[in-house]
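Coordinate inspection notes
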Amino acid sequence: MDASFNVIEEFDEKFFDSLIELVNLNLRDNQLKMLPKAIENLKMLERLDLTNNNLTGLPFELAKLGSLKQILLTGNPIRTIRKDIINVSHFFPILDYLS
């Protein structure tokens, strides 16, 4: 699903309820400040593009996405990433951003 360049600032928690089989989510170039906890419902998600938003942190719920293979975070003012996210064995894509 491509929702890039839409000036999205936030999502309603229920937005992700009907997208449980989504594999690719492109949210680049919006105005997102945070991701809703309901993102954990996207169990099939393999690629998440969050490039050029206003994210300052990431919710732990991202670590629950066992299918996630790629997460793009460039262009966000992320100040902290929770240690429990980094330590989840299947969540190594975040390490590319930290390098």
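Provided above is the structure to which this section pertains.
Re the overall build of the protein
If you tally the helices and strands in the protein, you get two helices and three strands. Scanning the protein from its N terminus toward the C terminus, one meets helices and strands in the order β-β-β-α-α. By residue count, 41% of the 99 residues in the protein fall in the buried class. Within the protein, contacts between residues separated by at least 24 positions form 32% of all contacts whose residues are at least 6 apart in sequence. Split by element, the accessible area of the protein, about 5,600 Å² in all, is 51% carbon and sulfur.

Some points on the environment of Thr-80
Mapped onto the elements of the fold, Thr-80 is located in the loop between strand E3 (70-72) and helix H1 (83-86). Residue classification places Thr-80 among the exposed residues on the basis of a relative accessible area of 54%. Placed 23 residues apart in sequence, Thr-80 and Gly-57 show a C-alpha to C-alpha distance of 5.5 Å. With residues up to four places along the chain from it excluded, the contact list for Thr-80 reads Thr-56, Gly-57 and Leu-58.

Re the pattern of salt bridges
Under the criterion given, the structure shown has four salt bridges. For Arg-28, the salt bridge goes to Asp-49, with nearest N and O atoms at 3.4 Å. One end of the pair, Arg-28, is in the loop between strand E1 (24-26) and strand E2 (47-49); the other, Asp-49, is in strand E2, and 21 residues separate them in sequence. Residue classification places Arg-28 among the partly exposed residues on the basis of a relative accessible area of 26%.

Thoughts on the nonpolar core
Leu-48 and Leu-50 are the most contacted members of the largest nonpolar core, which has 25 residues in total. Here Leu-50 is in contact with Leu-27, Arg-28, Leu-32, Leu-35, Leu-55, Ile-71, Leu-72, Leu-73 and Asn-76, once residues within four sequence places are set aside.

Reading guide: rules and limits
- Residues numbered from 1 in each chain as written.
- Predicted model: local features only at pLDDT ≥ 70, side-chain atom pairs only at ≥ 80, totals over all residues.
- Heavy atoms only, no water.
- Helix = DSSP H or I, 4+ residues; strand = E, 2+ residues; numbered from the N terminus.
- Buried < 20%, exposed > 50% of the residue type's maximum accessible area, 1.4 Å probe, protein only.
- Contact = heavy atoms within 4.5 Å.
- Areas by Shrake-Rupley, 256 points an atom, 1.4 Å probe, with all protein chains shown as cover.
- Salt bridge = Lys/Arg side-chain N within 4 Å of Asp/Glu carboxyl O.
- Core = buried A, V, L, I, M, F, W, Y, C linked by side-chain atoms within 4.5 Å.

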